[in-house]
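Breakdown of the fold
Given next are the chains, with one letter for each unit.
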Amino acid sequence: MIVLKLGGSVITEKDRPETLDGDALERAADAIAATRESGPEDLVIVHGGGSFGHHNASEHGVTTTEGTHDASAALDIHGAMTTLNQFVLRRLLERDVEAVPVHPFSAAARDSKGELDLPTGQVETMLAEGFVPVLHGDVIAHAGAGATVVSGDELVAELARALSADRVGLCSTVPGVLDDGDAVIDRIDDFETVADVLGTSEATDVTGGMAGKVRTLLGLEAAASIFGLESLASFLEGENPGTTID
Ligand SMILES: Nc1ncnc2c1ncn2[C@@H]1O[C@H](COP(=O)(O)OP(=O)(O)OP(=O)(O)O)[C@@H](O)[C@H]1O
Ligand SMILES: C=C(C)CCOP(=O)(O)O
């Protein structure tokens, strides 16, 4: 089974609040639909926020550790993410991908140490019934902090563990993790050796950009690939484009 993240930086115009990158989303949906036709492999999709979610979270001062007890602030962030989720579902449904939503705000929580608890029973039943569950970065209740952001990357890692994913892919706006000469790093197995080149996102981003991504993926059993949209089809066909994190 595959867990795939569609980065918010790919499917939105990340530096223009609440602006979809319609062409990119259609290309991603085309690649997903094409491989659904050729194989019965289970697929779980998670999408990030891009210009939906990060701007709202930033305005309310909410991050993965700084929470809010203001329900309308939480709903503002959640609402932006569910709007984007509707766009993603719609593009997949138009291509006969049986995509259904899972909204983490209603399913997950953090304990007082910030550890994520994401029950996956509903996702497993969806998969068994032939659906493609589509989760998204969101706000979730956080013991002692109100509600904090959960990134799509954290959800990917948790789903990969809980569902024993065979393959994990993060489709982002870059062709992989880049070194200081902008060449794609083939393989990363240790954070410290690449820490110097890992930055945050260039756009508004409350969840840590590339550094957060690499840190989150390094702890996984399954190898993960970070690649650009041009390589999504080849990833789904079984190749390992971009940077492999293991
Ligand atoms: N060494 C690096 N290699 C590649 N990208 C890097 C590096 N350091 C920082 N970045 C930044 O990380 C960004 C990708 O992280 P970002 O969190 O924006 O991706 P995403 O997951 O696609 O989007 P979102 O978080 O909105 O879902 C790149 O656009 C780039 O600006
Ligand atoms: C900012 C919010 C609500 C979602 C963040 O998800 P990410 O784009 O995967 O980091």
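Owing to the predicted nature of the structure, the values given are computational and were not obtained by experimental measurement.

From N to C terminus, the chain includes 9 helices and 12 strands. Split into buried and exposed, the 246 residues of the chain put 54% on the buried side. Taken as a whole, the chain presents about 10600 Å² of accessible surface, with 44% of it coming from carbon and sulfur. For the chain, the distance from the average position of its 15 positive side-chain charges to the average position of its 42 negative side-chain charges is 2 Å.

In this section: the UniProt feature "site: Transition state stabilizer" (unreviewed entry) in the chain. On the UniProt side, "site: Transition state stabilizer" (unreviewed entry) is annotated at positions that read Lys14 here. Note that lysine 14 resides in the loop between α1 (8-11) and α2 (22-38). For lysine 14, a relative accessible area of 13% puts it in the buried group.

Here we come to the layout of surface pockets. For the second largest pocket, the calculated volume is near 450 Å³. At the level of secondary structure, the elements contributing two or more residues to the lining of the second largest pocket comprise α6 (152-162) and α8 (209-218). A per-element tally of the lining of the second largest pocket places α6 first, with 5 residues. Taken together, the residues of the lining of the second largest pocket break down into 2 nonpolar, 9 polar and 8 charged.

Our focus in this paragraph is the environment of alanine 203. Relative to the helices and strands, alanine 203 resides in the loop between α7 (191-194) and α8. With residues near it in sequence (within four places) discarded, alanine 203 still touches Lys14 and Asp15.

Bringing the sheet that holds strand β4 (residues 109-110) into the picture now. A sheet is described by the order of its strands in space; here 4 strands give the open sequence β5-β4-β7-β8, paired in mixed fashion. Of all strands in the sheet, those with a lone pairing partner are β5 (116-117) and β8 (146-150), marking the two edges. Judged from the 2 bridges that link them, β4 and strand β7 (residues 138-142) form a sheet pairing that is parallel. Residue arginine 110 lies in a different strand from β7, and its bridge partner there is histidine 142. Of the strands in this sheet, β4, β5 and β8 are in contact with α6, which crosses β8 at around 80°.

Here α2 crosses helix α4 (residues 71-93) at 45°, and the two axes come no closer than 9 Å. Between α2 and α4, the angle is such that the two are oblique. By crossing handedness, the relation of α2 to α4 is classed as right-handed. Residues Leu25, Glu26, Ala29 and Ile32 of α2 pack against Phe87, Val88, Arg91 and Leu92 of α4. Classifying every residue of the contact of α2 with α4 by side-chain character gives 6 nonpolar, no polar and 2 charged.

Conventions used here
Residues numbered from 1 in each chain as written. Chains lettered and ligands numbered in written order. Predicted model: local features only at pLDDT ≥ 70, side-chain atom pairs only at ≥ 80, totals over all residues. Heavy atoms only, no water. Helix = DSSP H or I, 4+ residues; strand = E, 2+ residues; numbered from the N terminus. Buried < 20%, exposed > 50% of the residue type's maximum accessible area, 1.4 Å probe, protein only. Areas by Shrake-Rupley, 256 points an atom, 1.4 Å probe, with all protein chains shown as cover. Lys, Arg positive; Asp, Glu negative; His and termini not counted. Charge placed at Lys NZ, Arg CZ, Asp CG, Glu CD. UniProt positions renumbered as here; feature names shortened; annotations may be inferred. 1 Å grid on protein atoms, 1.4 Å probe; cavity = no way out; pocket = protein on both sides within 12 Å on 5 of 7 lines; lining within 4 Å. Points joined across faces, edges and corners; volume = space filled by probe spheres on them. Nonpolar A, V, L, I, M, F, W, Y, C, P; charged D, E, K, R; others polar. Contact = heavy atoms within 4.5 Å. Pairing = 2+ DSSP bridges. Axes fitted to C-alpha atoms, helices over the stretch in contact; angles between N-to-C directions. Parallel < 35°, antiparallel > 145°, perpendicular 65-115°, else oblique. Left-handed = near helix turned anticlockwise from the far one by under 90°.

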